[in-house]
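Here are the chains, one letter per residue:
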Amino acid sequence: PWLPPRTLRRGTEAEVNASDALARVRLEAVRGAFKRAWGAYRKHAWGMDEIKPISNKSHDWLHLGATMIDCLDNLWIFGLKAEFDEAKEWVATKLSFSRAVGISMFETVIRIIGG
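Attention here is on the structure that accompanies the text. No experiment lies behind these values; they were computed from the predicted model shown. (Residues numbered from 1 in each chain as written. Predicted model: local features only at pLDDT ≥ 70, side-chain atom pairs only at ≥ 80, totals over all residues. Heavy atoms only, no water.)

Looking now at the pattern of salt bridges. Here the structure, examined in full by the defined rule, presents four salt bridges. Put simply, R9 and E15 hold a salt bridge, and the shortest N to O gap is 3.4 Å. Notably, a salt bridge pairs K88 with D85, separated by 3.9 Å at the nearest N-O pair. Of this pair, K88 and D85 both sit in helix α3 (residues 81-94), separated by three residues, roughly a single helical turn. (Salt bridge = Lys/Arg side-chain N within 4 Å of Asp/Glu carboxyl O. Helix = DSSP H or I, 4+ residues; strand = E, 2+ residues; numbered from the N terminus.)

This is how it looks when you write it as structure tokens:
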């Protein structure tokens, strides 16, 4: 093999507990930042593609609710089930691919289809 074998050392119980506690603190910090950003999107740009974070203005260039679709998996992973259900309802009832506008194929594929 081109890399030497690595021996993994299992930490002591105290080290593992400290690591787990730090991971939980970090998780809550990330969840809190996400909830804050989602709240701003919900308030200022609901159903639009993006929110501009400084001006709190929306930008709707794909007309597909790109941020909402991008966030569905995060809402689920973070356990924000009510927010997920609300976004899912928007996707089920408001998302439309019938608008005849020039769109970015790349952005549509990575954010909407592959999102």
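Still more to cover.
We now examine the packing of aromatic side chains. This model, assessed by the stated rule, comprises six aromatic pairs. Measuring from centroid to centroid gives 5.2 Å for F34 and F78, while their planes differ by 40°, and the two rings are tilted. Highlighted residues: F34 in helix α1 (residues 13-44) and F78 in the loop between α2 (66-77) and α3, separated in sequence by 44 residues. Pair check on accessibility: F34 and F78 agree, each one buried. (Phe/Tyr/Trp six-rings, centres within 6.5 Å; stacked < 30°, edge-to-face > 60°. Buried < 20%, exposed > 50% of the residue type's maximum accessible area, 1.4 Å probe, protein only.)

Let's shift gears to the environment of C71. Residue position: C71 is located in helix α2. Looking at C71, the relative accessible area reads 12%, which means it is buried. Counting along the chain gives 33 residues from C71 to W38, while the straight-line C-alpha distance between them is 8.4 Å. Sequence-distant contacts of C71, that is, excluding residues within four places in its chain, are made with F34 and W38. (Contact = heavy atoms within 4.5 Å.)

Within the secondary structure layout, T67 lies in helix α2. Assessed through its relative accessible area of 15%, T67 is described here as buried. For T67, the side chain forms a polar contact with the main-chain oxygen of D49, separated by 2.4 Å. Those residues in contact with T67 that lie beyond four places of it in its chain are Y41, M48, D49, E50 and R111. (Polar contact = N/O pair within 3.5 Å; in protein donor to acceptor, adjacent residues only side chain to side chain.)

Further remarks concern the nonpolar core. Among the nonpolar cores identified, the biggest contains 13 residues, and F34, W38, Y41, M68, L75, L80 and A87 are the most heavily contacted of them. Elements supplying a minimum of two residues to this core: α1, α2 and α3. With four residues, α2 is the largest single contributor of residues to this core. Residue contacts for M68: discarding those within four places in its chain leaves W38, Y41, W46, G47, A87 and W90. If you look at the next biggest cluster of nonpolar residues, it comprises five residues, including L62, A66, I69 and I112. (Core = buried A, V, L, I, M, F, W, Y, C linked by side-chain atoms within 4.5 Å.)

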